[in-house]
Amino acid sequence: TSLGTEPALPKTWSYIASLVRLYLISLAKSKSEGSDIESFIQQLKSMVKTSQQLIEQLEPEIQAFANSQSTHKYFAISRGGPLLSTANEGALKLTEAALVRSIGWEIEEAAHGAWVSTGENDWVVVNAVKGPSMEKALKLAEGMKDIDARVWVITNQPNMFKGVDQITSLPGQYSEWLMPILS
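First, a word on scope: everything that follows refers to the structure included in this document. (Residues numbered from 1 in each chain as written. Predicted model: local features only at pLDDT ≥ 70, side-chain atom pairs only at ≥ 80, totals over all residues. Heavy atoms only, no water.)

Let us now look at the pairing of strand β4 (residues 150-155). Summarising burial for β4: five of the six residues are buried, a large majority. Pairing analysis gives six bridges linking strand β3 (residues 123-128) to β4, with the strands arranged parallel. Paired with Val-124 across the two strands is Val-151, which belongs to β4. Inspection of the sheet shows β4 paired to strand β5 (residues 166-169) by four bridges, in the parallel sense. Looking across to β5, one finds that Trp-152 is bridged to Gln-166. (Buried < 20%, exposed > 50% of the residue type's maximum accessible area, 1.4 Å probe, protein only. Helix = DSSP H or I, 4+ residues; strand = E, 2+ residues; numbered from the N terminus. Pairing = 2+ DSSP bridges.)

This is how it looks when you write it as structure tokens:
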């Protein structure tokens, strides 16, 4: 017996709240060991206003994208470093809220076979922020275009990506370690 589709109630705020709590615990520990954490604290505090502005700025773009993809049923979300958990969370939210088949890829693993499940016109979201995994993100975006996948890059370095289908620009002033909150 089918009871129908369960209402989608994604809990993204609980994920963000967990990130912030973990940042604060880590900072308290670092401070107790004598580290200077003031610049990191200031970045974290400024992200509240930045997040609000980013949501307001990107909402029309994201809504238009969602409307144009109403029949699309596969997304792969790839990230590296501290953004990997956010890739997995994003894939989970797409599945929960939009009933879309999605998967989170670690950027290094994507190059070693995960991409095989990606077909022509499937969407690959590449989160590429300034940091150690940027070069791999560039290569992944190029490779996905080579197999005719659609590529959406979410980045704080938009001028580095050419020939992708969509780019969402993020503020560039934050540490890579804080970017999971914005991406």
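The rest of the description comes next.
Each regular strand carries side chains that alternate between the two faces of the sheet. Most of strand β1 (residues 74-79) sits inside the fold, with six of its six residues counted as buried. Taking every second residue as pointing to the same face, both faces of β1 are buried, with Tyr-74, Ala-76 and Ser-78 on one and Phe-75, Ile-77 and Arg-79 on the other. Here β1 runs beside strand β2 (residues 101-106); their pairing, made up of six bridges, is parallel. Counterpart to Phe-75 in the pairing with β2 is Ser-102. Handedness of the crossover joining β1 and β2 through helix α3 (residues 84-98): right-handed. As paired strands, β1 and β3 are joined by four bridges and run parallel to one another. Residue pairing in the sheet places Ser-78 in a bridge with Val-126 of β3. (Right-handed = clockwise from strand over helix to strand, strands pointing away.)

Right, let's get into α3. Helix length check: α3, at 15 residues, gives a terminal C-alpha distance of 21 Å against a target of 21 Å (1.5 Å per residue), a fit within 8%. When α3 is considered as a whole, its buried residues turn out to be Thr-86, Ala-87, Glu-89, Ala-91 and Lys-93. Directly beyond the C-terminal end of α3, a positive phi value near 55° is found at Leu-99. (Expected span 1.5 Å × (residues − 1).)

What follows is about the packing of aromatic side chains. All told, the structure shown has four aromatic pairs when counted by the stated rule. Look at Phe-65 and Phe-75: their rings are 6.3 Å apart centre to centre, the planes differ by 70°, and that puts the pair in the edge-to-face class. With a gap of ten residues between them, Phe-65 in helix α2 (residues 38-68) and Phe-75 in strand β1 connect regions that are remote in the sequence. Ring centres 5.0 Å apart and planes at 80° place the aromatic pair Phe-65 and Trp-123 in the edge-to-face group. You can see Phe-65 sitting in helix α2 and its partner Trp-123 sitting in strand β3, a full 58 residues away along the chain. Taking relative accessible area as the criterion, Phe-65 reaches 8% and is therefore assigned buried. A residue is classified by how much of its surface remains accessible, and Trp-123, at 4% relative accessible area, is buried. (Phe/Tyr/Trp six-rings, centres within 6.5 Å; stacked < 30°, edge-to-face > 60°.)

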